[in-house]
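Commentary on secondary and tertiary structure
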Amino acid sequence: MTLAPRPRKAVLTAHVASSVGWLGAVFAYIALDVTAVLSRDIERVRSAYLAMELTVIYAIVPLALASVIIGIVNALGTSWGLFRHYWVVVKLLLTLVATTVLLLETRTIRSLAEAAGTVADPRGLPGSLPHSIGGSVLLVVVTILSLYKPRGLTRYGWRKQQDQRRNRRDPIDAVPA
Ligand code: HEM
């Protein structure tokens with residue numbers, strides 16, 4: 001099913017806003033993560049951990065889930081498809097890895113925030129920089145892929161293209177899509 005131009009534009013707008021919003025929220029989270037690890041001020045460190053938890057739960061996770069769901073709708077609703085072009089397949093895989101790591105890491109971030117909220121001195125609690133920086137690099141790669149759309153059809157995409165060409169050439173023999 002292909003989306004008509006107006007709904008397609010609306011879906012693409014929602015997709016770009018949620019996806020790049022996700023990237024922006026991760027950059028804000030990294031600022032808190034660096035503060036939590038480097039600051040020598042007890043209350044600043046405590047606030048950083050508490051803010052990290054809020055940012056993950058109320059911004060990063062909802063934006064990530066929205067990006068994945070709308071991204072899949074975007075792919076299935078356009079001639080790009082989900083498995084026809086390598087750039088979409090790679091985006092899908094990288095985004096699913098990022099979302100899985102994020103959901104697993106959310107539990108750790110919640111327990112860090114709980115510890116920071118209760119101990120007298122939260123300095124020395126571990127940060128989560130390898131995950132937050134790793135996630136931001138992955139999302140930057142996905143954004144670059146989205147804008148440059150490197151050519152490359154999968155085998156499935158190639159077969160689909162051949163079918164479409166055949167159907168255009170011999171409409172009578174066309175097999176319903
Ligand atoms: C499940 C994962 C994803 C899928 C299946 C997906 C699929 C797509 C598709 C098919 C388009 C083209 C839509 C069109 O031309 O109408 C698109 C555009 C785009 N995607 Fe994704 N996407 C996913 C995740 C992401 C993520 C995580 C980001 C960034 C962090 C992202 C950023 C973008 C951007 C910036 C565009 C607009 C490109 C342009 O208009 O030239 N996507 N996406």
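That block above? That's the structure.
Here's a quick rundown of the structure. (Residues numbered from 1 in each chain as written. Predicted model: local features only at pLDDT ≥ 70, side-chain atom pairs only at ≥ 80, totals over all residues. Heavy atoms only, no water.)

Bringing the coordination of the iron atom of the ligand into the picture now. Taken together, His15 (NE2) and Lys91 (NZ) make up the full set of protein donors to the iron atom of the ligand, lying 1.9 to 2.0 Å away. In this structure, the iron atom of the ligand is coordinated by six donor atoms arranged in octahedral fashion, with angles at the metal of 84 to 178°. Of this pair, His15 sits in helix α1 (residues 5–38) while Lys91 sits in helix α3 (residues 86–118), and the two are 76 residues apart along the sequence. (Donors = N, O, S within 2.8 Å, 3.2 Å for Na, K, Ca; no water. Tetrahedral: all angles 85-135°; square planar, octahedral: opposite > 155°, others 65-115°. Helix = DSSP H or I, 4+ residues; strand = E, 2+ residues; numbered from the N terminus.)

Following the criterion strictly, the structure yields four salt bridges and no others. One salt bridge connects Arg123 with Asp121, and the closest N-O pair in it is separated by 2.9 Å. Given the relative accessible area of 30%, Arg123 is considered partly exposed. (Salt bridge = Lys/Arg side-chain N within 4 Å of Asp/Glu carboxyl O. Buried < 20%, exposed > 50% of the residue type's maximum accessible area, 1.4 Å probe, protein only.)

We now examine the packing of aromatic side chains. Scanning all chains against the criterion turns up one aromatic pair. Look at Trp80 and Trp87: their rings are 5.0 Å apart centre to centre, the planes differ by 85°, and that puts the pair in the edge-to-face class. For Trp80, a relative accessible area of 27% translates into the label partly exposed. Trp87 sits in the buried class, given a relative accessible area of 8%. (Phe/Tyr/Trp six-rings, centres within 6.5 Å; stacked < 30°, edge-to-face > 60°.)

Taken by themselves, the reported measurements are silent on function.
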